[in-house]
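# Breakdown of the fold
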Amino acid sequence: MSTFKQYSILPGFNLALGFTLLYLSLIVLIPLSAAFIRTAELTWPEFWTIITTPRVLASYRLTFGASFAAALVNAAFGLLVAWVLVRYDFPGKKILDALVDLPFALPTAVAGISLTALYAGNGWIGQFLEPMGIKVAFTPLGIFVALTFIGLPFVVRTVQPVLEDIEAELEEAAATLGANRWQTFTRVIFPVLFPALITGFALAFARAVGEYGSVIFIAGNMPMISEITPLLIITKLEQYDYAGATALSVVMLVISFILLLIINLLQWWSRRRSSDSLGSP
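Residues numbered from 1 in each chain as written. Predicted model: local features only at pLDDT ≥ 70, side-chain atom pairs only at ≥ 80, totals over all residues. Heavy atoms only, no water.

## What about the overall build of the chain?
Helix and strand counts for the chain stand at 13 helices and zero strands. Along the chain, helices (α) and strands (β) appear in the sequence α-α-α-α-α-α-α-α-α-α-α-α-α when read from the amino end. Viewed in the frame of its principal axes, the chain has a C-alpha envelope of about 65 × 65 × 30 Å. Out of the 281 residues belonging to the chain, those deemed buried represent 36%. Taking all contacts inside the chain whose residues are at least 6 apart in sequence as the whole, residues at least 24 apart take part in 76%. On the chain, roughly 17,200 Å² of surface is accessible, and the fraction owed to carbon and sulfur atoms is 70%. Once the 16 positive and 17 negative side-chain charges of the chain are each reduced to a mean point, those two points are 3 Å apart. (Helix = DSSP H or I, 4+ residues; strand = E, 2+ residues; numbered from the N terminus. Buried < 20%, exposed > 50% of the residue type's maximum accessible area, 1.4 Å probe, protein only. Contact = heavy atoms within 4.5 Å. Areas by Shrake-Rupley, 256 points an atom, 1.4 Å probe, with all protein chains shown as cover. Lys, Arg positive; Asp, Glu negative; His and termini not counted. Charge placed at Lys NZ, Arg CZ, Asp CG, Glu CD.)

Structure, rendered in structure tokens:
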């Protein structure tokens, strides 16, 4: 009985795995563990006092609430942008496609200053909004706008390749069976896009939670109103309160990990359900 040995395209699995674990340890695990080690210098009452002050709790609500809302908006409009870029041909399409990546390349401080200039009371857009009672700059709404701006490319670039791979024959078959456009989208196209959409949502949310540069300029940074948690961490570092800064960092890390774990489980469930439905007779 002959045996066959399986070879991979890139040889040296053990060596490659070792370098992978070493790289991840140096870049991710060791820095994160350092935050927990520094926080361990605090007693539990001290730790609890730092992370539950009214000012800190208000920053949690604003940071995670605005990040979640911005990611939801990006999920909806990012899908729309990806759909337009994939399904239609129009003049200036390549320019619009390139503009989607602008938040990737633009320095966050430049984005924050630009958004503040646009949405301030005397800005190009703000001068029309404030007479209607809508104040964007230096309010929580401004934070939401900034987080939406920096998160849009994550959804578009995640959904776009999946949408390009969907074969037109699936839609034609659905139309042949009598499905209208809405039924074709909801029952044929959207189930395939949903895992990618969840991935884009998770990436946009994760980026928004840790965003700092584009937010501080447009937020106003008023305690209890428009102050985000990353700004509080920076404030504690400037005051040489390293243990307090790492305590807030640990809370942000744990909450973000739990939320991303839930999102990934939802993505796994969606992919499994989609594959089971495609494999069923």
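That covers the picture; the talk isn't over yet.
## A word on the nonpolar core
With 25 residues, the main nonpolar core has Val159, Leu163, Ile189, Leu193 and Leu197 as its most contacted residues. Counting only elements with at least two residues in this core, the list comes to α3 (54-87), α8 (140-165), α10 (181-209) and α13 (242-279). Here this core gets nine residues from one element, more than from any other, and that element is α10. The contact partners of isoleucine 189, leaving out residues within four places of it in the chain, are Trp83, Arg87, Leu163, Ile166, Glu171 and Thr184. Counting 20 residues, the second-largest nonpolar core is a separate cluster that includes Leu62, Leu115, Leu129 and Ile143. (Core = buried A, V, L, I, M, F, W, Y, C linked by side-chain atoms within 4.5 Å.)

## Examining a nonpolar patch on the surface
Together, Leu15, Phe19, Leu22, Tyr23, Leu24, Leu26, Ile27, Val28, Leu29, Ile30 and Leu32 make up an exposed nonpolar region whose accessible area comes to about 1,100 Å². If you trace the backbone, tyrosine 23 turns up in helix α1 (residues 13-39). (Patch = residues over 30% accessible without salt bridge, like charges linked within 9 Å, V, L, I, M, F, W, Y side chains within 5 Å. Salt bridge = Lys/Arg side-chain N within 4 Å of Asp/Glu carboxyl O.)

## Considering the environment of alanine 137
Looking at the element boundaries, alanine 137 is found in the loop between α7 (126-129) and α8. Considered as a pair, alanine 137 and isoleucine 228 are 91 residues apart in the sequence and their alpha carbons are 15 Å apart.

## With respect to the environment of phenylalanine 149
Mapped onto the elements, phenylalanine 149 comes out in helix α8. In the structure, phenylalanine 149 is positioned 18 residues away from proline 131 in sequence and 24 Å away in space, judged by C-alpha atoms. If sequence neighbours within four positions are ignored, phenylalanine 149 has contacts with Pro103, Leu106, Ala111 and Leu115.

## Here's the deal with the pattern of salt bridges
Taken as a whole, this structure holds seven salt bridges when the rule is applied. Here lysine 93 and aspartate 89 are joined by a salt bridge, their closest N and O atoms 3.2 Å apart. Where aspartate 241 meets lysine 236, a salt bridge forms, and the shortest distance between an N and an O atom there is 3.7 Å. Sharing partners across several salt bridges, the network here consists of Asp97, Asp101 and Arg157.

## Here we look at the side chain of threonine 116
Tracing the chain through its elements places threonine 116 in helix α6 (residues 108-119). A distance of 2.7 Å separates a polar side-chain atom of threonine 116 from the backbone oxygen of glycine 112. If we skip the residues at most four places from it in the chain, threonine 116 touches Phe138, Phe217 and Ile218. (Polar contact = N/O pair within 3.5 Å; in protein donor to acceptor, adjacent residues only side chain to side chain.)

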